[in-house]
Amino acid sequence: MVIIFVNSAFLIACARIAGSMALFRLPGLIDPHVHLRDPGQTHKEDFFSGTTAALSGGFTTILDMPNNKIAITTEQLLKEKIAIAKGSIVADVGFYFGSMGDNLNEFPKVVDKVFGLKLYLNQTTGNLLINKNKLKSIFSAWGKTVRHLPILVHAENESLRSVLDVVKETKQNVHVCHVSTQADLALILREKESRLPISCGVTPHHLFLTEHDANVLGPFGKMKPPLAKRKDVDFLWKNLKAIDVVESDHAPHTRKEKLETTFGVTGLETTLPLLLTAVWEKRLNIDDIVRLCVTNPARIFGCQTDPNTHIEVDQSISYTIENRKLYTKCGWSPFANWRVKGKVRRVILRGKKVFEDGKGISVAKGSGRIIFPVPCAD
Ligand code: NCD
Ligand code: ZN
Ligand code: ZN
């Protein structure tokens, strides 16, 4: 077995030399968009099940969203959430803060504890939908407090346009989450070219599924933004070099809840095998995975990962994604029964092997760390 150390352009040559039996070593991956539901809806996921799923999928660092049942909009609620996470996590976890425009005085109290501010401009899971008229005051207050940390937005179509207008005025760093359509991405690319301080992420489900799959999957293919047309998916792939991150938007709901009206699908355990399959199909290369899932998320959100944390993936192993093998508490994936090529073999956290061949080796509750943003010099 040949192990290849990967984190530069150098690796592509190495991959060819090693042939199909290559075992690659990558830095631990960062997922900057997950919903662990803890506290409040731990029947869907909790800190332990969610971070175990993360490790199993090769993600050693994740950033957790604030749309809990009681949204994380005060320092007190954030502190309570951090305290709960501390004793339960097995991977490293950082947090975002939420706002509907009525908690601006909380911003200075939390800026050393969060990786960004999340705003919801379209209807989705949770109670954080904001009125667009509040955008300007929220942006100004956040920018005054901590300009370098991004504001993340769930903003589709018209909402995206409203956000970009405010970015033009304030020059605040913004990350546009889960971009799914040609129109929205084309707009973002144009604004990026004109040097607006924006980054964007795409999800694996928007890269690998279309509205056709939504019909087949029924409730299990329902998420926000919805699955798009083939032309939209093709446009995302065509412009992958200009996309900053892949974010799973791991958004667990139970099977029973999915039969009612809930939006969101799981993703932590399927992101990497899907991307590795795309590498196998020559639709991207391993350097792209490192860029999209390590270096860019680290840079955009200011999160550092441990140098002794890495994962090993075997590009030559094919397997079928099975619901019963998932660690996410809700136990299902829209990619169930998909044949993928490329498997996580080992996960090493701070020098210690924690996962091997789909099994937790050392996943003691509390062995993950709460992470905080690196302070900015300015
Ligand atoms: C997410 C959730 O369930 O928390 N759902 C979704 O469909 N993406 C919320 C979100 O990211 O919009
Ligand atoms: Zn969203
Ligand atoms: Zn989300």
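Conventions and cut-offs
- Think of each chain on its own: its residues are numbered from 1, step by step along the sequence as written.
- Chain letters start at A and ligand numbers start at 1, both assigned in the order the entries are written.
- Since the coordinates come from a predicted model, pLDDT governs what is reported: local features require at least 70, and pairs of side-chain atoms require 80 or more to be given and counted, while whole-chain, interface and lining totals use all residues.
- Only hydrogens and water are set aside when side-chain values are computed; all heavy atoms of the structure are taken into account.
- As a rule, N, O and S atoms within 2.8 Å of a metal are its donors, except that Na, K and Ca use 3.2 Å; water is not among the atoms, so sites may look incomplete.
- Key to geometry: four donors with every angle between 85 and 135 degrees are tetrahedral; four donors are square planar and six octahedral where opposite donors lie over 155 degrees apart and all remaining angles lie between 65 and 115; all other sites are irregular.
- Comment: elements are numbered from the N terminus, with helices defined as DSSP H or I runs of at least four residues and strands as E runs of at least two.
- To be near a molecule or strand, a residue needs just one of its heavy atoms within 4 Å of it.
- What qualifies as a polar contact is a pair of N or O atoms within 3.5 Å, subject to a donor-acceptor requirement within protein and to the restriction that residues adjacent in sequence count only when both atoms come from side chains.
- Method for areas: the Shrake-Rupley scheme with a 1.4 Å probe, in which residue coverage is limited to the protein chains shown.
- By the convention adopted, Pro, Cys, Tyr, Trp, Phe, Met, Ile, Leu, Val and Ala count as nonpolar, Lys, Arg, Asp and Glu as charged, and the other residues, Gly among them, as polar.
- Here the expected length of a helix is defined as 1.5 Å per residue gap, with one fewer gap than residues.
- A residue's bend is given by the angle between axes fitted to the 7 residues ending at it and the 7 residues starting at it.
- Burial status follows relative accessibility: with a 1.4 Å probe on protein chains alone, a residue under 20% of its type maximum counts as buried, one over 50% as exposed, and anything between as partly exposed.
- Here, a salt bridge means any Lys or Arg side-chain nitrogen found within 4 Å of an Asp or Glu carboxyl oxygen.
- The angle between two axes is taken between their N-to-C directions and runs from 0 to 180 degrees, where each axis is a line fitted to C-alpha atoms and a helix contributes only its stretch in contact.
- Throughout, the term roughly parallel applies to angles under 35 degrees, roughly antiparallel to angles over 145, roughly perpendicular to angles from 65 to 115, and oblique to all others.
- The contact criterion used is simple: two residues touch if any of their non-hydrogen atoms lie within 4.5 Å.
- Whether two aromatic rings pair depends on their centres lying within 6.5 Å, for rings of Phe, Tyr and Trp, where Trp uses its six-membered ring; planes under 30 degrees apart make the pair stacked, over 60 edge-to-face, and the rest tilted.
- pLDDT runs from 0 to 100 and stands for how confident the predictor is about each residue.

1. A short note on the coordination of the zinc ion (ligand 3)
Here is step 1 of the chain: Bound to the zinc ion (ligand 3) are the protein donor atoms His-33 (NE2), His-35 (NE2) and Asp-249 (OD), situated 2.0 to 2.1 Å from the metal.
Here is step 2 of the chain: Between the four donor atoms coordinating the zinc ion (ligand 3), the angles at the centre fall across 91 to 133 degrees, so the site counts as tetrahedral.
Here is step 3 of the chain: Within one chain, the residues serving as donors to the zinc ion (ligand 3) are arranged as H-x1-H-x213-D.
Here is step 4 of the chain: Between the zinc ion (ligand 3) and the zinc ion (ligand 2) there is a metal-metal distance of 3.9 Å. Of this pair, His-35 sits in the loop between β3 (29–34) and α2 (47–56) while Asp-249 is found in the loop between β11 (245–246) and α11 (255–259), placing the two residues 214 residues apart along the sequence.

2. Side note on the site of ligand 1
Here is step 1 of the chain: Taken together, the neighbourhood of ligand 1 is formed by 15 residues, with Arg-37, Thr-124, Thr-125, Lys-224 and Asp-249 sitting nearest.
Here is step 2 of the chain: The separation between an oxygen atom of ligand 1 and a polar side-chain atom of Arg-37 is 2.8 Å.
Here is step 3 of the chain: One of the side-chain N or O atoms of Asp-249 is found 2.8 Å from a nitrogen atom in ligand 1.
Here is step 4 of the chain: Bound to the protein, ligand 1 loses 100% of the 320 Å² it would expose on its own.
Here is step 5 of the chain: Of the residues belonging to the shell around ligand 1, the class tally is three nonpolar, nine polar and three charged.

3. Notes on helix α13 (residues 286–301)
Here is step 1 of the chain: Here α13 contains 16 residues, and its C-alpha end-to-end distance of 22 Å stays within 8% of the 22 Å for a straight helix at 1.5 Å per residue.
Here is step 2 of the chain: Helix geometry: α13 is bent most strongly at Leu-292, by close to 35 degrees.
Here is step 3 of the chain: Among the 16 residues that make up α13, 13 are buried, leaving the element largely enclosed by the rest of the structure.
Here is step 4 of the chain: With its phi angle positive at about 65 degrees, Gly-302 sits one or two positions after the end of α13.

4. Concerning the pattern of salt bridges
Here is step 1 of the chain: Under the definition given, this model contains 24 salt bridges.
Here is step 2 of the chain: For the salt bridge of Glu-257 with Lys-44, the shortest nitrogen-to-oxygen distance reads 3.0 Å. One end of the pair, Glu-257, is in helix α11; the other, Lys-44, is in the loop between β3 and α2, and 213 residues separate them in sequence.
Here is step 3 of the chain: We classify Glu-257 as buried; its relative accessible area is 14%.
Here is step 4 of the chain: Since its relative accessible area comes to 4%, Lys-44 is described here as buried.

5. What about the packing of helix α6 (residues 158–170) against helix α7 (residues 182–193)?
Here is step 1 of the chain: Between α6 and α7, whose axes approach to 11 Å, the crossing angle comes to 10 degrees. Regarding the angle of α6 to α7, the classification is roughly parallel. Of α7, the residues touching α6 (which contributes Leu-160, Arg-161, Leu-164 and Lys-168) are Ala-183, Asp-184, Leu-187, Ile-188 and Glu-191.
Here is step 2 of the chain: For the contact of α6 with α7, the residue count by class is five nonpolar, no polar and four charged.

6. Focus on the packing of aromatic side chains
Each aromatic ring pair is described using two quantities: the centre-to-centre distance and the angle formed by the ring planes.
Here is step 1 of the chain: Under the defined criterion, the tally for this structure stands at eight aromatic pairs.
Here is step 2 of the chain: Seen in terms of ring centroids, Phe-220 and Trp-332 are 5.0 Å apart; in terms of plane orientation they differ by 75 degrees. Their pairing is edge-to-face. A residue pair is termed long-range when its members are at least 10 positions apart, and Phe-220 in the loop between α9 (211–217) and α10 (230–238) and Trp-332 in the loop between β12 (310–320) and β13 (339–349) qualify at 112 residues.
Here is step 3 of the chain: The exposure class assigned to Trp-332 is buried, which follows from its relative accessible area of 2%.

7. Considering the environment of Leu-78
Here is step 1 of the chain: Its location among the elements puts Leu-78 in helix α3 (residues 75–86).
Here is step 2 of the chain: For Leu-78, a relative accessible area of 0% gives the class buried.
Here is step 3 of the chain: Residues Leu-78 and Val-114, spaced 36 residues apart in sequence, show a C-alpha to C-alpha distance of 9.0 Å.
Here is step 4 of the chain: When near neighbours in sequence (up to four residues on either side) are disregarded, Leu-78 contacts Ile-72, Phe-95, Val-110, Lys-113 and Val-114.

8. Focus: the confidence of the model for the protein chain
Detailed conclusions should not be drawn from predicted coordinates in areas where pLDDT is low.
Here is step 1 of the chain: This prediction gives the protein chain a mean pLDDT of 93; 94% of its residues lie at or above 70.
Here is step 2 of the chain: Contacts from residues 1–20, a stretch scored under 50 in pLDDT, to residues over four places away or in other chains number 37 contacts.

9. Remarks on the packing of α7 against α10
Here is step 1 of the chain: Here α7 crosses α10 at 30 degrees, and the two axes come no closer than 9 Å. One finds that α7 runs roughly parallel with respect to α10. For the pair formed by α7 and α10, the contact residues are Gln-182, Leu-185 and Ala-186 on the first element and Lys-231, Asp-232, Phe-235 and Leu-236 on the second.
Here is step 2 of the chain: In terms of residue class, the contact of α7 with α10 is made up of four nonpolar, one polar and two charged.

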